[in-house]
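Here is how the chains run, residue by residue.
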Amino acid sequence: MTTVCISHGDLDGITSGAIGLLAFPGSEFYFSRPSKIHKDLYRIAKDRPESVLISDIAVNLKQFDNILRAIGRFPKKTRLIWIDHHPISSSQKKRLASKLEFVHEVGPCAAELVYRRFHEGLPEHALRLALYGAIGDYCDETPFARTHLDNYDKRTLYLEAGLLVQALQEIDYRRESKDLLRKLSLGIEPSSMNDIVSLAMKATRIENEIFRYVQKHARKQGPIGYVLDIPIGGYRGKSAKFAAYVTDSRIGISARSTDDDEIDMSIRRRGKKVDLNRALNSVLADLPDAHGGGHPAAAGASVNRSDFPTFLQRLAEYAGRS
Ligand SMILES: [Mn+2]
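Residues numbered from 1 in each chain as written. Predicted model: local features only at pLDDT ≥ 70, side-chain atom pairs only at ≥ 80, totals over all residues.

Student: Tell me what's going on with the overall build of the protein, and back it up with residues and numbers.
Tutor: Within the protein one finds 13 helices and 11 strands. Summarising its shape, the C-alpha atoms of the protein cover approximately 55 × 45 × 35 Å along the three principal directions. Counting the 322 residues in the protein, one finds 44% classified as buried. Looking at the protein alone, contacts between residues at least 24 apart form 65% of all its contacts between residues at least 6 apart. (Helix = DSSP H or I, 4+ residues; strand = E, 2+ residues; numbered from the N terminus. Buried ≥ 20, exposed ≤ 12 C-beta atoms within 10 Å, placed from the backbone. Contact = placed C-beta atoms within 7 Å.)

Below is the structure:
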(Lines give C-alpha, C1' and ligand atoms only; values in the text may rest on other atoms or scores of the structure.)
Protein backbone atom coordinates (compact mmCIF):
# COMPACT_ATOMS: atom_id res chain seq x y z
CA MET A 1 0.00 0.00 0.00
CA THR A 2 1.30 3.42 -0.87
CA THR A 3 0.79 6.95 0.22
CA VAL A 4 0.82 9.77 -2.32
CA CYS A 5 1.55 13.50 -2.08
CA ILE A 6 0.44 15.84 -4.86
CA SER A 7 1.34 19.50 -5.01
CA HIS A 8 1.88 22.56 -7.17
CA GLY A 9 5.19 23.52 -8.84
CA ASP A 10 5.79 26.94 -7.29
CA LEU A 11 7.66 27.53 -4.04
CA ASP A 12 4.59 27.18 -1.82
CA GLY A 13 3.72 23.98 -3.68
CA ILE A 14 7.22 22.58 -3.33
CA THR A 15 7.57 23.42 0.36
CA SER A 16 4.07 22.21 1.24
CA GLY A 17 4.83 19.02 -0.72
CA ALA A 18 8.15 18.59 1.12
CA ILE A 19 6.36 18.95 4.47
CA GLY A 20 3.82 16.41 3.18
CA LEU A 21 6.66 13.96 2.53
CA LEU A 22 7.83 14.45 6.11
CA ALA A 23 4.33 13.77 7.43
CA PHE A 24 3.94 10.73 5.15
CA PRO A 25 7.46 9.29 4.80
CA GLY A 26 8.06 7.13 1.76
CA SER A 27 5.24 8.69 -0.26
CA GLU A 28 5.12 8.82 -4.01
CA PHE A 29 5.18 12.44 -5.14
CA TYR A 30 3.53 14.06 -8.17
CA PHE A 31 3.20 17.64 -9.36
CA SER A 32 -0.22 18.71 -10.58
CA ARG A 33 -2.22 21.85 -11.24
CA PRO A 34 -5.86 22.96 -10.98
CA SER A 35 -6.65 22.19 -14.64
CA LYS A 36 -5.52 18.56 -14.39
CA ILE A 37 -5.92 17.48 -10.77
CA HIS A 38 -9.11 15.51 -11.60
CA LYS A 39 -7.22 13.47 -14.21
CA ASP A 40 -4.34 12.81 -11.82
CA LEU A 41 -6.78 11.69 -9.13
CA TYR A 42 -8.47 9.27 -11.55
CA ARG A 43 -5.09 7.77 -12.35
CA ILE A 44 -3.92 7.56 -8.74
CA ALA A 45 -7.21 5.99 -7.57
CA LYS A 46 -6.34 2.89 -9.62
CA ASP A 47 -3.38 2.20 -7.32
CA ARG A 48 -5.77 2.09 -4.33
CA PRO A 49 -3.40 4.14 -2.11
CA GLU A 50 -3.66 4.18 1.66
CA SER A 51 -3.55 7.99 1.89
CA VAL A 52 -3.41 10.91 -0.51
CA LEU A 53 -2.37 14.43 0.48
CA ILE A 54 -3.08 17.23 -1.99
CA SER A 55 -1.60 20.65 -1.23
CA ASP A 56 -1.65 24.09 -2.86
CA ILE A 57 -3.90 23.00 -5.74
CA ALA A 58 -6.87 25.34 -6.22
CA VAL A 59 -10.22 23.64 -6.64
CA ASN A 60 -11.10 24.32 -10.26
CA LEU A 61 -14.67 25.60 -10.63
CA LYS A 62 -15.02 24.29 -14.16
CA GLN A 63 -13.82 20.80 -13.21
CA PHE A 64 -15.69 20.58 -9.91
CA ASP A 65 -17.97 17.69 -10.90
CA ASN A 66 -15.06 15.80 -12.44
CA ILE A 67 -13.10 16.28 -9.23
CA LEU A 68 -15.98 14.85 -7.17
CA ARG A 69 -16.25 11.90 -9.58
CA ALA A 70 -12.51 11.25 -9.33
CA ILE A 71 -12.71 11.31 -5.53
CA GLY A 72 -15.51 8.76 -5.74
CA ARG A 73 -13.12 6.34 -7.48
CA PHE A 74 -10.98 5.83 -4.40
CA PRO A 75 -11.60 2.85 -2.11
CA LYS A 76 -13.60 3.74 1.00
CA LYS A 77 -10.61 3.23 3.27
CA THR A 78 -8.27 5.60 1.40
CA ARG A 79 -7.61 8.66 3.56
CA LEU A 80 -7.89 11.75 1.35
CA ILE A 81 -6.69 15.14 2.60
CA TRP A 82 -6.84 18.32 0.53
CA ILE A 83 -5.09 21.38 1.99
CA ASP A 84 -5.41 24.66 0.13
CA HIS A 85 -5.66 28.42 0.47
CA HIS A 86 -7.16 29.59 -2.83
CA PRO A 87 -10.60 31.25 -2.61
CA ILE A 88 -13.56 28.85 -2.96
CA SER A 89 -17.33 29.30 -2.59
CA SER A 90 -18.86 28.10 0.67
CA SER A 91 -21.21 25.67 -1.10
CA GLN A 92 -18.32 23.99 -2.92
CA LYS A 93 -16.30 23.95 0.26
CA LYS A 94 -19.17 22.12 1.99
CA ARG A 95 -19.58 19.59 -0.80
CA LEU A 96 -15.88 18.83 -0.88
CA ALA A 97 -15.67 18.60 2.91
CA SER A 98 -18.34 15.89 2.85
CA LYS A 99 -16.13 13.71 0.62
CA LEU A 100 -12.69 14.16 2.18
CA GLU A 101 -10.74 16.04 4.86
CA PHE A 102 -10.67 19.55 3.43
CA VAL A 103 -8.33 21.93 5.27
CA HIS A 104 -8.91 25.40 3.89
CA GLU A 105 -8.11 28.93 4.94
CA VAL A 106 -7.57 32.05 2.87
CA GLY A 107 -4.63 34.13 4.14
CA PRO A 108 -1.92 31.65 5.12
CA CYS A 109 0.04 29.82 2.42
CA ALA A 110 -0.48 26.10 1.82
CA ALA A 111 2.88 25.23 3.42
CA GLU A 112 1.79 26.91 6.66
CA LEU A 113 -1.51 25.01 6.60
CA VAL A 114 0.20 21.65 5.95
CA TYR A 115 2.70 22.36 8.72
CA ARG A 116 -0.01 23.32 11.21
CA ARG A 117 -2.08 20.24 10.33
CA PHE A 118 0.81 17.80 10.90
CA HIS A 119 3.25 19.70 13.09
CA GLU A 120 3.37 17.08 15.85
CA GLY A 121 6.28 14.80 15.12
CA LEU A 122 7.70 16.90 12.29
CA PRO A 123 11.41 17.77 12.40
CA GLU A 124 12.47 21.36 13.08
CA HIS A 125 13.37 22.07 9.46
CA ALA A 126 9.71 21.54 8.45
CA LEU A 127 8.95 24.83 10.16
CA ARG A 128 11.55 26.63 8.07
CA LEU A 129 10.00 25.11 4.95
CA ALA A 130 6.61 26.50 6.01
CA LEU A 131 8.20 29.96 6.33
CA TYR A 132 9.87 29.69 2.90
CA GLY A 133 6.45 28.86 1.46
CA ALA A 134 4.95 31.85 3.23
CA ILE A 135 7.62 34.17 1.83
CA GLY A 136 7.25 32.64 -1.64
CA ASP A 137 3.50 33.28 -1.72
CA TYR A 138 3.62 36.72 -0.01
CA CYS A 139 1.78 35.17 2.95
CA ASP A 140 4.40 36.12 5.53
CA GLU A 141 2.21 38.41 7.62
CA THR A 142 0.00 35.79 9.25
CA PRO A 143 0.28 35.44 13.07
CA PHE A 144 2.00 32.08 12.53
CA ALA A 145 4.56 33.47 10.08
CA ARG A 146 5.29 36.58 12.14
CA THR A 147 5.80 34.63 15.34
CA HIS A 148 8.12 32.08 13.81
CA LEU A 149 10.07 34.48 11.60
CA ASP A 150 10.82 36.32 14.81
CA ASN A 151 12.26 33.17 16.41
CA TYR A 152 15.06 32.97 13.85
CA ASP A 153 16.91 35.84 12.23
CA LYS A 154 14.31 36.57 9.61
CA ARG A 155 16.84 38.19 7.27
CA THR A 156 18.55 34.83 6.89
CA LEU A 157 15.26 33.08 6.15
CA TYR A 158 14.48 35.66 3.48
CA LEU A 159 17.84 34.96 1.90
CA GLU A 160 17.21 31.20 1.86
CA ALA A 161 13.66 31.64 0.55
CA GLY A 162 14.86 34.24 -1.95
CA LEU A 163 17.40 31.79 -3.36
CA LEU A 164 14.57 29.32 -3.96
CA VAL A 165 12.20 31.90 -5.44
CA GLN A 166 14.88 33.04 -7.87
CA ALA A 167 16.21 29.60 -8.80
CA LEU A 168 12.69 28.37 -9.54
CA GLN A 169 12.48 30.89 -12.38
CA GLU A 170 15.20 28.89 -14.11
CA ILE A 171 14.21 25.33 -13.18
CA ASP A 172 12.40 22.76 -15.28
CA TYR A 173 9.39 22.23 -13.15
CA ARG A 174 8.87 18.48 -13.34
CA ARG A 175 12.27 16.84 -13.04
CA GLU A 176 14.57 19.24 -11.25
CA SER A 177 11.84 20.54 -8.97
CA LYS A 178 11.19 17.02 -7.73
CA ASP A 179 14.89 16.70 -6.84
CA LEU A 180 14.74 20.02 -5.04
CA LEU A 181 11.65 18.95 -3.12
CA ARG A 182 13.37 15.75 -1.93
CA LYS A 183 16.45 17.69 -0.80
CA LEU A 184 14.33 20.20 1.09
CA SER A 185 12.46 17.41 2.84
CA LEU A 186 15.84 16.01 3.94
CA GLY A 187 16.65 19.33 5.59
CA ILE A 188 19.30 20.58 3.17
CA GLU A 189 19.33 24.37 3.18
CA PRO A 190 19.08 26.19 -0.17
CA SER A 191 22.37 28.00 0.53
CA SER A 192 24.07 24.58 0.68
CA MET A 193 22.80 23.59 -2.77
CA ASN A 194 25.40 24.88 -5.21
CA ASP A 195 23.18 24.45 -8.26
CA ILE A 196 20.36 26.41 -6.60
CA VAL A 197 22.69 29.24 -5.59
CA SER A 198 24.13 29.69 -9.08
CA LEU A 199 20.70 29.44 -10.74
CA ALA A 200 19.42 32.06 -8.31
CA MET A 201 22.24 34.44 -9.24
CA LYS A 202 21.61 33.88 -12.94
CA ALA A 203 17.87 34.47 -12.47
CA THR A 204 18.52 37.66 -10.53
CA ARG A 205 20.70 39.07 -13.31
CA ILE A 206 18.01 38.20 -15.86
CA GLU A 207 15.36 39.79 -13.64
CA ASN A 208 17.30 43.04 -13.58
CA GLU A 209 17.42 42.98 -17.39
CA ILE A 210 13.69 42.34 -17.48
CA PHE A 211 13.03 45.30 -15.24
CA ARG A 212 14.82 47.53 -17.73
CA TYR A 213 12.92 45.93 -20.62
CA VAL A 214 9.56 46.52 -18.92
CA GLN A 215 10.57 50.10 -18.13
CA LYS A 216 10.99 50.68 -21.86
CA HIS A 217 8.07 48.67 -23.24
CA ALA A 218 5.20 48.75 -20.74
CA ARG A 219 2.01 50.48 -21.84
CA LYS A 220 -0.73 51.98 -19.74
CA GLN A 221 -4.49 51.78 -20.04
CA GLY A 222 -6.25 53.59 -17.21
CA PRO A 223 -5.29 51.90 -13.92
CA ILE A 224 -3.56 49.00 -15.75
CA GLY A 225 0.06 48.76 -16.81
CA TYR A 226 0.85 45.89 -19.14
CA VAL A 227 3.69 44.43 -21.11
CA LEU A 228 3.27 42.08 -24.08
CA ASP A 229 5.55 39.18 -24.98
CA ILE A 230 8.67 39.80 -22.94
CA PRO A 231 11.49 38.17 -24.92
CA ILE A 232 12.13 35.34 -22.45
CA GLY A 233 10.14 32.48 -20.88
CA GLY A 234 9.08 32.67 -17.22
CA TYR A 235 9.43 35.78 -15.03
CA ARG A 236 5.76 36.47 -15.63
CA GLY A 237 4.70 37.40 -12.11
CA LYS A 238 7.72 39.60 -11.73
CA SER A 239 7.25 41.41 -15.05
CA ALA A 240 3.57 41.94 -14.19
CA LYS A 241 4.58 43.64 -10.94
CA PHE A 242 7.17 45.76 -12.75
CA ALA A 243 4.56 46.78 -15.37
CA ALA A 244 2.33 48.15 -12.59
CA TYR A 245 5.18 50.03 -10.96
CA VAL A 246 6.81 51.63 -13.99
CA THR A 247 3.45 52.88 -15.33
CA ASP A 248 2.29 53.97 -11.86
CA SER A 249 -0.77 51.68 -12.10
CA ARG A 250 -2.82 49.67 -9.62
CA ILE A 251 -2.78 46.53 -11.75
CA GLY A 252 0.11 45.03 -13.69
CA ILE A 253 -0.15 42.44 -16.46
CA SER A 254 2.49 40.40 -18.22
CA ALA A 255 0.79 39.02 -21.33
CA ARG A 256 2.02 36.38 -23.74
CA SER A 257 0.58 35.39 -27.14
CA THR A 258 0.13 31.64 -27.51
CA ASP A 259 0.27 29.48 -30.65
CA ASP A 260 -3.49 28.98 -30.59
CA ASP A 261 -4.28 32.69 -30.79
CA GLU A 262 -4.87 33.30 -27.14
CA ILE A 263 -3.40 35.79 -24.73
CA ASP A 264 -2.16 34.24 -21.53
CA MET A 265 -1.65 36.60 -18.60
CA SER A 266 -0.05 36.86 -15.21
CA ILE A 267 -1.70 39.61 -13.22
CA ARG A 268 -0.51 41.33 -10.05
CA ARG A 269 -1.86 44.23 -8.07
CA ARG A 270 -0.09 47.21 -6.59
CA GLY A 271 -1.64 48.37 -3.33
CA LYS A 272 -4.48 46.43 -1.80
CA LYS A 273 -7.64 47.94 -3.27
CA VAL A 274 -8.53 45.54 -6.08
CA ASP A 275 -9.33 41.86 -5.41
CA LEU A 276 -7.98 40.32 -8.62
CA ASN A 277 -9.73 36.99 -8.15
CA ARG A 278 -13.11 38.73 -7.85
CA ALA A 279 -12.30 41.13 -10.64
CA LEU A 280 -11.57 38.24 -12.99
CA ASN A 281 -14.71 36.33 -12.00
CA SER A 282 -16.70 39.37 -13.01
CA VAL A 283 -14.74 40.49 -16.08
CA LEU A 284 -14.27 37.05 -17.66
CA ALA A 285 -17.83 35.80 -17.08
CA ASP A 286 -19.19 36.39 -20.58
CA LEU A 287 -16.02 36.38 -22.67
CA PRO A 288 -15.98 33.25 -24.86
CA ASP A 289 -13.29 30.62 -23.97
CA ALA A 290 -11.88 32.92 -21.32
CA HIS A 291 -10.77 31.55 -17.97
CA GLY A 292 -8.76 32.65 -14.99
CA GLY A 293 -8.63 33.39 -11.29
CA GLY A 294 -6.30 33.00 -8.34
CA HIS A 295 -5.70 35.09 -5.25
CA PRO A 296 -6.71 38.67 -4.42
CA ALA A 297 -3.12 39.85 -5.04
CA ALA A 298 -1.96 37.46 -7.77
CA ALA A 299 -3.92 35.82 -10.54
CA GLY A 300 -3.76 34.48 -14.07
CA ALA A 301 -6.11 34.56 -17.03
CA SER A 302 -6.38 33.56 -20.63
CA VAL A 303 -8.56 35.15 -23.35
CA ASN A 304 -8.85 34.98 -27.14
CA ARG A 305 -6.45 37.40 -28.79
CA SER A 306 -9.32 39.36 -30.34
CA ASP A 307 -10.90 39.84 -26.88
CA PHE A 308 -7.77 41.26 -25.26
CA PRO A 309 -8.69 44.95 -25.80
CA THR A 310 -12.19 44.32 -24.41
CA PHE A 311 -10.68 42.48 -21.46
CA LEU A 312 -8.35 45.39 -20.66
CA GLN A 313 -11.15 47.89 -20.93
CA ARG A 314 -13.48 45.91 -18.63
CA LEU A 315 -10.78 45.26 -16.08
CA ALA A 316 -9.90 48.96 -16.11
CA GLU A 317 -13.56 49.84 -15.51
CA TYR A 318 -13.81 47.29 -12.70
CA ALA A 319 -10.68 48.66 -11.04
CA GLY A 320 -12.04 52.17 -11.41
CA ARG A 321 -15.14 51.15 -9.41
CA SER A 322 -13.24 49.46 -6.56
MN1 LIG B 1 0.16 28.70 -2.76
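Here the narrative resumes, following the displayed structure.
Student: Now, about the domain arrangement of the protein: what can you tell me, with residues and values included?
Tutor: The domain boundaries assigned to the protein delineate domain 1 (3-197) and domain 2 (218-321). Centre-to-centre separation of domain 1 and domain 2, based on C-alpha positions: 26 Å. Counting residues at the interface gives five residues for domain 1 and seven residues for domain 2. For the side of domain 1 that touches domain 2, the residue count by class is two nonpolar, two polar and one charged. (Domains from an automatic or database assignment. Nonpolar A, V, L, I, M, F, W, Y, C, P; charged D, E, K, R; others polar.)

Student: So what's going on with the sheet that holds strand 10 (residues 291-294)? Which residues, and what values?
Tutor: The strands making up a sheet associate through backbone hydrogen bonding, with each pair oriented either parallel or antiparallel. Spatial ordering of the open sheet is given by 6-7-8-9-11-10, a layout of six strands whose pairing is mixed. Either end of the sheet is taken by a strand with one partner, and the two such strands are strand 6 (219-221) and strand 10. Strand after strand, the sheet turns through a mean of 20° between neighbouring axes, direction not considered. Direction of pairing for strand 10 relative to strand 11 (residues 298-304): antiparallel, over a ladder of four bridges. Bridging across to strand 11, Gly292 finds its partner in Ala301. (Pairing = 2+ DSSP bridges. Axes fitted to C-alpha atoms, helices over the stretch in contact; angles between N-to-C directions.)

Student: Give me the sheet that holds strand 2 (residues 28-31): which residues, what numbers.
Tutor: Taken together, the five strands give an open sheet; going across it, the order is 2-1-3-4-5, and neighbouring strands pair in parallel fashion. Two strands bound the open sheet, and with one partner strand each, they are strand 2 and strand 5 (101-104). Strand-to-strand twist of the sheet, defined as the mean angle between neighbouring strand axes without regard to direction, takes the value 15°. Strand direction decides the pairing type here: strand 3 (residues 51-55) and strand 4 (residues 79-84), joined by five bridges, are parallel. Across the sheet, residue Ser55 finds its bridge partner in strand 4, namely Ile83. Here helix 5 (residues 110-118) sits on the sheet in contact with strand 3, strand 4 and strand 5, set at roughly 135° to strand 4.

Student: Just give me the short version of the nonpolar core, but keep the residues and values in it.
Tutor: Counting 57 residues, the largest nonpolar core has Ile19, Ala111, Leu164 and Ala167 as its most contacted members. Setting aside anything within four residues of it in sequence, one finds Ile19 in contact with Ala111, Val114, Tyr115, Phe118, Leu122, Ala126, Leu129 and Ala130. (Core = buried A, V, L, I, M, F, W, Y, C linked by C-beta atoms within 7 Å.)

Student: Give me the lowdown on the packing of helix 6 (residues 124-136) against helix 8 (residues 154-168), citing residues and values where you can.
Tutor: How two helices sit against one another is set out by the angle between their axes and by the gap between those axes. One can describe the packing of helix 6 onto helix 8 by two numbers: an axis separation of 9 Å at closest approach and a directional angle of 65°. In this structure, the crossing between helix 6 and helix 8 has a hand that is right-handed. Where helix 6 abuts helix 8, its residues Arg128, Leu131, Tyr132, Ile135 and Gly136 lie against Leu157, Tyr158, Glu160, Ala161, Leu164 and Val165. (Left-handed = near helix turned anticlockwise from the far one by under 90°.)

Student: Now, about the packing of helix 12 (residues 276-284) against helix 13 (residues 308-321): what can you tell me, with residues and values included?
Tutor: At a closest axis distance of 10 Å, the pairing of helix 12 and helix 13 adopts a crossing angle of 130°. The angle between helix 12 and helix 13 falls in the class oblique. Handedness of the crossing formed by helix 12 with helix 13: right-handed. Contacts from Ala279, Ser282 and Val283 of helix 12 reach helix 13 at Phe311, Arg314, Leu315, Tyr318 and Ala319. Partitioned by chemical class, the residues of the contact of helix 12 with helix 13 number six nonpolar, one polar and one charged. (Parallel < 35°, antiparallel > 145°, perpendicular 65-115°, else oblique.)

Student: Got a sec to walk through helix 2 (residues 37-45)? Specific residues and values, please.
Tutor: Where helix 2 is concerned, the buried positions are Ile37, His38, Leu41 and Ile44. All buried residues of helix 2 lie within an arc of 125° about the axis, which places them on one face of the element. Where helix 2 is buried, its residues meet strand 1 (3-7), strand 3 and helix 3 (64-72). (Arc of directions from axis to C-beta.)

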